[in-house]
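# Topology and contacts: notes
So the chains spell out like this:
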Amino acid sequence: MSFGLSRRTPQDLQGWGLDREDLPQWENATLDPRLLFADPNRRFELEIGSGKGTFLVQQAAMQTDTNFLGIEWAGEFQRYAADRARRHTLNNVRVLRDDGSEFLTHRCADHTVDVIHLYFTDPWPKKRHHKRRLVQHSTLQHMHRVLKLSGQVHLVTDHAELWEWYELHVEAAANLFDRGPFVTPQSAGDEEVVGTNFERKYRREGRSFNAMTLTRVDNLEKSDAS
Ligand SMILES: C[S@@+](CC[C@H](N)C(=O)[O-])C[C@H]1O[C@@H](n2cnc3c(N)ncnc32)[C@H](O)[C@@H]1O
């Protein structure tokens, strides 16, 4: 699948698009991802599987006091999203081509992220592929580690079986996160949950959605993975 962006080079993307290969210091140590931005002192939110960047660009334009990092594995989508941010001159958006699980597990420094967004992640329906799902017992532990005090994770999916998987994993991680109703972002339109590309596509197909917000448990007596 091509979106006419395959000829974009890192130079064309002028810093909006980053590849993990371009960041050699990340090979052996975790990095504070806030340092990728012109003003690293702003709030910091992470979207994993950011696709074409619809949520990132819309939300960043409304929330200019927050830096947004999209992590997207597919190079064409990553370049597409980075180019959208460049065209809107959003200096609070960067899009990194990386595997979201590896980023959480090996690269992201502790207590750096205010919010993690996971919208319409690939459901990997075959049992032998379940290990590729972004939500796992281990990734929830790393989400807890990288979040700041009282940080949040937002989850939305159309996929019934993936939703069950979320519910089971979140229940098992009750020492790490309190589950609550979904907090709708500013960028969502009327009757939207979050306003991503996939939500709009699936809404046209008449699909329904499930959503939840997890809030980091900061109490060390409840959690030993602070
Ligand atoms: C179904 S799309 C949803 C895109 C967007 N969140 C939306 O709602 O429109 C899932 C996206 O996640 C990306 N993706 C899948 N696994 C990933 C991973 N492990 N790390 C980063 N991105 C991933 C895919 O390339 C794809 O662009």
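Of regular secondary structure, the chain possesses 7 helices and 8 strands. Counting only residues that meet the buried cut, the chain has 52% of its 226 residues in that class. In the form shown here, the chain has an accessible surface area of approximately 11,200 Å², with 48% of it arising from carbon and sulfur atoms.

This paragraph deals with a positive patch on the surface. On the surface, a cluster of positive charge is made up of Lys126, Arg128, Lys131 and Arg132. Mapped onto the elements, Arg128 comes out in the loop between β5 (113-119) and α5 (137-146). Its relative accessible area of 57% is what places Arg128 among the exposed residues.

Right, let's get into the confidence of the model for the chain. In the predicted model, the chain carries a mean pLDDT of 90, and the fraction of residues at 70 or more is 88%. A low-confidence stretch, residues 1-6 (pLDDT under 50), is modelled with 11 contacts involving residues beyond four sequence positions or located in other chains.

Okay, the site of the ligand next. Close contacts around the ligand come from 18 residues, with Gly49, Glu72, Gly100, Tyr119 and Thr196 the closest. Contacts to the ligand include Tyr119, whose backbone N or O atom sits 2.8 Å from a nitrogen atom. Asn197 places a main-chain nitrogen or oxygen 3.4 Å from an oxygen atom of the ligand. Taken by itself the ligand offers 600 Å² of open surface, and the protein chains cover 89% of this. Of all the secondary-structure elements, those providing two or more residues to the shell around the ligand are β3 (66-72) and α7 (197-204). Of the residues that constitute the shell around the ligand, the class distribution is 8 nonpolar, 5 polar and 5 charged.

Across the 10 residues of α5, 7 count as buried, placing the element largely inside the fold. Listed in full, the buried residues belonging to α5 are Thr139, Leu140, His142, Met143, His144, Arg145 and Val146. Of the surrounding elements, those touching the buried residues of α5 are α4 (100-107), β5, β6 (147-157), α6 (160-172), β7 (177-180) and β8 (210-216).

Time to look at the nonpolar core. Note on soluble globular proteins: their nonpolar side chains tend to be buried together. If you look at the biggest cluster of nonpolar residues, it comprises 34 residues, and the most contacted ones within it are Leu46, Leu69, Ile116, Leu118 and Val153. Contributing elements (two or more residues each) for this core: β2 (43-48), β3, α4, β5, α5, β6, α6 and β8. Apart from the residues lying within four places of it in its own chain, the contact partners of Ile116 are Leu46, Ile48, Leu104, Met143, Val146, Leu147, Gln152, Val153 and His154. Core analysis: the next-biggest nonpolar cluster, separate from the first, contains 11 residues, Trp16, Leu56, Val57 and Phe68 among them.

About the cut-offs
- Residues numbered from 1 in each chain as written.
- Predicted model: local features only at pLDDT ≥ 70, side-chain atom pairs only at ≥ 80, totals over all residues.
- Heavy atoms only, no water.
- Helix = DSSP H or I, 4+ residues; strand = E, 2+ residues; numbered from the N terminus.
- Buried < 20%, exposed > 50% of the residue type's maximum accessible area, 1.4 Å probe, protein only.
- Areas by Shrake-Rupley, 256 points an atom, 1.4 Å probe, with all protein chains shown as cover.
- Patch = residues over 30% accessible without salt bridge, like charges linked within 9 Å, V, L, I, M, F, W, Y side chains within 5 Å.
- Salt bridge = Lys/Arg side-chain N within 4 Å of Asp/Glu carboxyl O.
- Lys, Arg positive; Asp, Glu negative; His and termini not counted.
- Charge placed at Lys NZ, Arg CZ, Asp CG, Glu CD.
- pLDDT = per-residue confidence, 0-100.
- Contact = heavy atoms within 4.5 Å.
- Near = heavy atom within 4 Å.
- Polar contact = N/O pair within 3.5 Å; in protein donor to acceptor, adjacent residues only side chain to side chain.
- Nonpolar A, V, L, I, M, F, W, Y, C, P; charged D, E, K, R; others polar.
- Core = buried A, V, L, I, M, F, W, Y, C linked by side-chain atoms within 4.5 Å.

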